[in-house]
Amino acid sequence: MPTEAKENLILDALLLRAQAVTGGATYNTNPATKAIGLPRDAAVISSGQAIYLQYVRTSLLRLPSGPSHDYEAIFHAWCVGNTDREALNVKDDLLRAVRAGEAALHAVATHGFRDGDCVIPDPETIAKIGKAVRVQEFIGAYQLTA
Amino acid sequence: MPDTYFGAADIQPMLDTFGVSVTIGAVTAKCIRDVEDEAVATAEDGSLVGRLVTLIAKTGTFPALVEGVAATVEGTAYTVKQQLLMEDGATTRVRCAKV
């Protein structure tokens, strides 16, 4: 069986890092849910801290001059907490977990892996449903050949 | 002098007819409860769906109504997240989050 899409492999590696966020002495938070994909069921988002990983898009990095093409894929991690402060802590814990195991990400994103911006998609979520959301971007670069 | 509202005397009897029991602080009164699923956070390529629980109360019914207090709606525990006066101010929309 051929290798799966690099985007899937990077998502799998990110999920493994997210699963390392388990509170204790190392992390401030212990999200009950860490998953690939956004939940469609409102009841899911209503329960506790969570990290949802999402593929966003892929771009060609450079015009090819040979048989290899360089790509860059963008991913979002939706970090959910019960307060604004907690959501930031979930985001920070995820970043630290990624840094602690960055070699695994570089193994699949062979041309570089880095974090991007963190944004607030809607500051009113805390008033609407009692949850705060921060979206952290990750960027993975890789090469594809025939 | 407190504000007066057109038809104020009719509001609570109307809520008593088809409202649900809500307790905030020491007061229990009937309010309209709306439950709605809605995309609450939308980013570049996706959105999270959340469950919005909103009460409509006669303004001034609950003296203890402030952000962060507990609200019990038909036996279920919520936290008040926001209160907003509606239209002429005779009724208040209360956003709640499940505890």
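Remember, it's a predicted structure, so these values are computed and weren't measured experimentally. (Residues numbered from 1 in each chain as written. Chains lettered and ligands numbered in written order. Predicted model: local features only at pLDDT ≥ 70, side-chain atom pairs only at ≥ 80, totals over all residues. Heavy atoms only, no water.)

Visitor: Please clarify how the sheet that holds strand β5 (residues 132-144) of chain A should be interpreted in this entry.
Guide: By definition, the strands of a sheet pair up through backbone hydrogen bonds, in either a parallel or an antiparallel sense. Residue and element names in this part refer to chain A. Taking strand neighbours across the sheet as the criterion, the 5 strands line up as β1-β2-β3-β5-β4 in an open arrangement whose pairing is mixed. Only two strands of the sheet have a single partner each, and these edge strands are β1 (33-36) and β4 (113-119). Strand-to-strand twist in this sheet, taken as the mean axis angle between neighbours without regard to direction, amounts to 25°. Note: β4 against β5, 5 bridges, orientation antiparallel. The residue bridging arginine 114 from the neighbouring strand is isoleucine 139, located in β5. Of the strands in this sheet, β2 (50-60), β3 (69-81), β4 and β5 touch helix α3 (residues 84-100), which is tilted by about 20° from β5. (Pairing = 2+ DSSP bridges. Helix = DSSP H or I, 4+ residues; strand = E, 2+ residues; numbered from the N terminus. Axes fitted to C-alpha atoms, helices over the stretch in contact; angles between N-to-C directions. Contact = heavy atoms within 4.5 Å.)

Visitor: Would you mind going over the interface of chain B and chain A with me for this structure?
Guide: Interface size is commonly expressed as the accessible area that is lost once the parts come together. Taken together, the 20 residues of chain B in the interface contact 26 residues of chain A. In total, about 1800 Å² of surface goes out of reach between chain B and chain A, with carbon and sulfur atoms giving 59% of it. For chain B, the biggest contributors to the area lost against chain A are B:Val40, B:Leu48 and B:Arg51; these three give 30% of the whole. Inspection of the chain B/chain A interface yields 0 salt bridges. Our count for the contact surface shared by chain B and chain A stands at 0 residue pairs in polar contact (both at pLDDT 80 or more). Elements with a minimum of two residues in the side of chain B that touches chain A: β2 (27-43), β3 (46-58), β5 (76-86) and β6 (91-98) of chain B. Looking at the side of chain B that touches chain A element by element, the count peaks at 7 residues for β3(B). Residue composition of the side of chain B that touches chain A, grouped by class: 8 nonpolar, 5 polar and 7 charged. (Buried area = accessible area lost by both parts, 1.4 Å probe. Salt bridge = Lys/Arg side-chain N within 4 Å of Asp/Glu carboxyl O. Polar contact = N/O pair within 3.5 Å; in protein donor to acceptor, adjacent residues only side chain to side chain. Nonpolar A, V, L, I, M, F, W, Y, C, P; charged D, E, K, R; others polar.)

Visitor: Sorry, what's going on with the pairing of strand β1 (residues 20-24) of chain B here?
Guide: A regular strand places its side chains so that they alternate between the two faces of the sheet. Residues and elements named next belong to chain B. Covered by surrounding structure in β1 are Val20, Val22 and Ile24 only, the residues Ser21 and Thr23 on the alternate face being uncovered. Where β1 meets β2, 5 bridges bridge the pair, whose relative direction is antiparallel. Bridge pairing in β2 places valine 22 opposite alanine 29. Once β1 ends, the chain turns through 2 residues before running back antiparallel as β2, passing glycine 25 with a positive phi of about 65°. For β1 and strand β4 (residues 70-73), the ladder comprises 3 bridges, and the chain directions are antiparallel. Counterpart to valine 22 in the pairing with β4 is valine 73. (Buried < 20%, exposed > 50% of the residue type's maximum accessible area, 1.4 Å probe, protein only.)

Visitor: Is there a simple way to explain the layout of surface pockets in this structure?
Guide: Where empty space is left in the structure can be found by rolling a water-sized probe over the atoms. Size it by volume and the largest pocket reaches roughly 200 Å³. In terms of lining residues, the largest pocket is bounded by A:Ala43, A:Ser46, A:Asn82, A:Ile129, A:Gly130, A:Lys131, B:Arg51, B:Val53, B:Tyr78, B:Cys96, B:Ala97 and B:Lys98. Listing elements by their share of the lining of the largest pocket, those giving two or more residues are β3 and β6 of chain B. Classifying every residue of the lining of the largest pocket gives 6 nonpolar, 3 polar and 3 charged. (1 Å grid on protein atoms, 1.4 Å probe; cavity = no way out; pocket = protein on both sides within 12 Å on 5 of 7 lines; lining within 4 Å. Points joined across faces, edges and corners; volume = space filled by probe spheres on them.)

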